[in-house]
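Summary of the model geometry
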Amino acid sequence: MSEIIKELNILDQEETVSQKDATCGVKISENSQTGKTKKMYIESYGCQMNFSDSEIVTSIMTENGYDTTDDYKAADVIFLNTCSIREKAEDTVRKRLANFNALKKKRPDTMVGVLGCMAERLKSKLLEEEKIVDLVVGPDAYRDLPGLVGKVEDGQKAVNTILSKEETYADVTPVRLNSNGISAFISIMRGCDNMCSFCIVPFTRGRERSRDPKSIVAEAQDLFNKGYREVTLLGQNVDSYKWAEDFESNTKKEINKSDAENIVNFANLLELVAKVSPELRVRFSTSHPKDITDEVLHTMAKHENICNYIHLPAQSGNSRVLEMMNRTYDREWYINRVDAIRRIIGDECGISSDFITGFCTETEEEHQDTLSLMEYVQYDYSYMFFYSERPGTLAHKKYEDDIPLEVKKRRLEEVIAIQNRSSLERNKKSIGKTYKVLIDKVSKRDENQLSGRNSANKVIVFDKKDLKIGQYAYIKVTDCTQGTLIGEAVDA
Ligand code: SAM
Ligand code: SF4
């Protein structure tokens, strides 16, 4: 990757000269006063990638004459950036669409667009099912939004759900929404090639493709110059990030061993972003247990500003279930990766996971294996779900969704109970220790307290004194709850 690094160093210097979970809808907006006459309102559902995509959509729309508003009643265009991962996520969006009915009756010209995974899954069918929708746009078609909006203005309905093998929006500068000015997402890749049997993502987000590292480093540098102090590199499987400069296309198939010199892998990318500034924290999500390498772990250990926190979704602790899920690793492999994290980075590294309970044919014993894996790893926290069959997935085609809902839910409660215990145990271990904390907001409970996170992604609250948002501070932990550490500022 030598040539690429050289280019990146040049770019860094030039830039510095001009220095200066869970699925719920979140309204994100940037209320700028630009004098533009048309207004856009956007709401995002689902994963961080969707939130990041909404910033790309906003960039494209503001370039094309739209201002943003956080009041949907004042908007000319309403976008819902949607999620299809579980049935409940889609139900939430449909209910939200129903809320816009009254508005549409009063102001029929208000345009309603469904973006993202639900748009991709249902395509033009969505126009028939949800009459108030004017516009359906998949995740790879956002550049076409101005044209599609124009079509709706001309009285037609508009759909573009074409998936791309190349689109990474590398040249689009995201408009940061609901930003605290401290932390930002950077999308480093799109799509997924993994085909986990339960998952709709490969069908709604298309083939995996990596984004040019030069544009990623430039975005990180620009954010740092603007005062941001933390970036999170986003991808469905960041460990398979791969960029080969010499190829027209960067798909994995076209890369062979003799080209290793010209390849930027995820460990290389992490290092490049970490070098933007030691004052810029680097986080990433999501790691895939089958792909996370010791090289990545050593790179994390080498750079203090690469945060010691890994989201490593296990999904299940049983090897037969993992095989049916097509996760391509087994329980032993997963444990080996956790042991490698503890060995190379240490016990302080935060580890979180995703779990699905009641996947097709899962027995009580196999469910117990998930509980015992959780006991072994002692996760800091987890995102936990019961299995929701998604039409079109491999599991939907191959297996019967045969675990009764009440069993799925009971198993989920057991998983949650273990997680709650281990979150509290892990937090208790922090009492008496001092952490470097990036302060990112005023505490929700007490305006005289601030809140920030340590490297392991644990939230710590402490008295404000003369500290400010955006600063690093050293905080000694004095107490904890299951979800939060409580501490006080001390000298470094
Ligand atoms: N790429 C990430 C990975 O491989 O772990 C996960 C992405 S997915 C958006 C987030 C989580 O949703 C998954 O890890 C899984 O636990 C959960 N999920 C995906 N499909 C699901 C389904 N059909 N039912 C329940 N949970 C599901
Ligand atoms: Fe879905 Fe598996 Fe891809 Fe994650 S890695 S997005 S779970 S197919």
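What comes next concerns the included structure.

The rules we used
- Residues numbered from 1 in each chain as written.
- Chains lettered and ligands numbered in written order.
- Predicted model: local features only at pLDDT ≥ 70, side-chain atom pairs only at ≥ 80, totals over all residues.
- Heavy atoms only, no water.
- Helix = DSSP H or I, 4+ residues; strand = E, 2+ residues; numbered from the N terminus.
- Contact = heavy atoms within 4.5 Å.
- Pairing = 2+ DSSP bridges.
- Axes fitted to C-alpha atoms, helices over the stretch in contact; angles between N-to-C directions.
- Near = heavy atom within 4 Å.
- Polar contact = N/O pair within 3.5 Å; in protein donor to acceptor, adjacent residues only side chain to side chain.
- Nonpolar A, V, L, I, M, F, W, Y, C, P; charged D, E, K, R; others polar.
- Phe/Tyr/Trp six-rings, centres within 6.5 Å; stacked < 30°, edge-to-face > 60°.
- Buried < 20%, exposed > 50% of the residue type's maximum accessible area, 1.4 Å probe, protein only.
- Core = buried A, V, L, I, M, F, W, Y, C linked by side-chain atoms within 4.5 Å.
- Parallel < 35°, antiparallel > 145°, perpendicular 65-115°, else oblique.
- Left-handed = near helix turned anticlockwise from the far one by under 90°.

1. Considering the side chain of threonine 299
- When you line up the elements, threonine 299 lands in helix 11 (residues 294-302).
- Residues contacting threonine 299, with those up to four places away along its chain left out, are Ala267, Leu270, Glu271 and Ile306.

2. What to know about the sheet that holds strand 14 (residues 281-285)
- One open sheet accounts for three strands, arranged 8-11-14; its pairing is parallel. Strands with a single pairing partner mark the edges of an open sheet, and in this sheet they are strand 8 (183-187) and strand 14. Averaged over all adjacent pairs, the angle separating strand axes in this sheet is 25°, with direction ignored.
- Strand contacts of helix 9 (residues 213-225): strand 8 and strand 11 (230-234), with the helix running at about 170° to strand 8, the strand carrying the most contacts.

3. Some points on the site of ligand 1
- The local shell around ligand 1 holds 15 residues, among which Phe198, Gln236, Gln315, Asp354 and Ser388 are the closest.
- One nitrogen or oxygen atom from the side chain of arginine 327 is found 3.1 Å from an oxygen atom belonging to ligand 1.
- Within the residue set of the shell around ligand 1, elements represented by two or more residues are strand 16 (350-357) and strand 17 (381-386).
- Each residue belonging to the shell around ligand 1 can be placed in one class, and the counts come to seven nonpolar, four polar and four charged.

4. Some remarks on unusual backbone geometry
- The omega torsion across serine 285 and threonine 286 is 10°, close enough to zero to call that bond cis.
- Within the chain, glutamine 378 stands out as a residue other than glycine whose phi angle is a positive 60°.
- Following the sequence through the fold, glutamine 378 ends up in the loop between helix 14 (364-377) and strand 17.
- Its identity as a non-glycine residue notwithstanding, lysine 465 has a phi of 45°, on the positive side.
- For lysine 465, the location among the structural elements is in the loop between strand 20 (459-463) and strand 21 (472-480).

5. Observations regarding the packing of aromatic side chains
- Tallied over the entire structure, the rule returns 11 aromatic pairs.
- Ring geometry for phenylalanine 266 against phenylalanine 284: centres 5.3 Å apart, planes inclined by 75°, an arrangement best described as edge-to-face. You can see phenylalanine 266 sitting in helix 10 (residues 266-274) and its partner phenylalanine 284 sitting in strand 14, a full 18 residues away along the chain. With respect to class, phenylalanine 266 is no different from phenylalanine 284; both count as buried.
- Seen in terms of ring centroids, tyrosine 381 and tyrosine 383 are 6.0 Å apart; in terms of plane orientation they differ by 85°. Their pairing is edge-to-face.
- Accessibility expressed as a relative area gives 24% for tyrosine 381, which makes it partly exposed.
- Site record: aromatic cluster; members linked through ring pairs are Phe198, Phe359, Tyr387 and Tyr399.

6. Notes on the nonpolar core
- With 69 residues, the main nonpolar core has Leu233, Phe266 and Ile310 as its most contacted residues.
- Sorting elements by how many residues they give to this core places helix 10 first, with seven residues.

7. Re the packing of helix 14 against helix 16 (residues 405-428)
- The interhelical angle for the contact between helix 14 and helix 16, taken along N-to-C directions, is 15°, at an axis separation of 10 Å. Here helix 16 runs roughly parallel to helix 14, going by the angle between their axes. Handedness of the crossing formed by helix 14 with helix 16: right-handed. Across the interface between the two elements, Glu364, His367, Gln368, Thr370, Leu371, Met374 and Glu375 from helix 14 touch Val407, Arg410, Arg411, Glu414, Val415, Ile418, Gln419 and Arg421 from helix 16.

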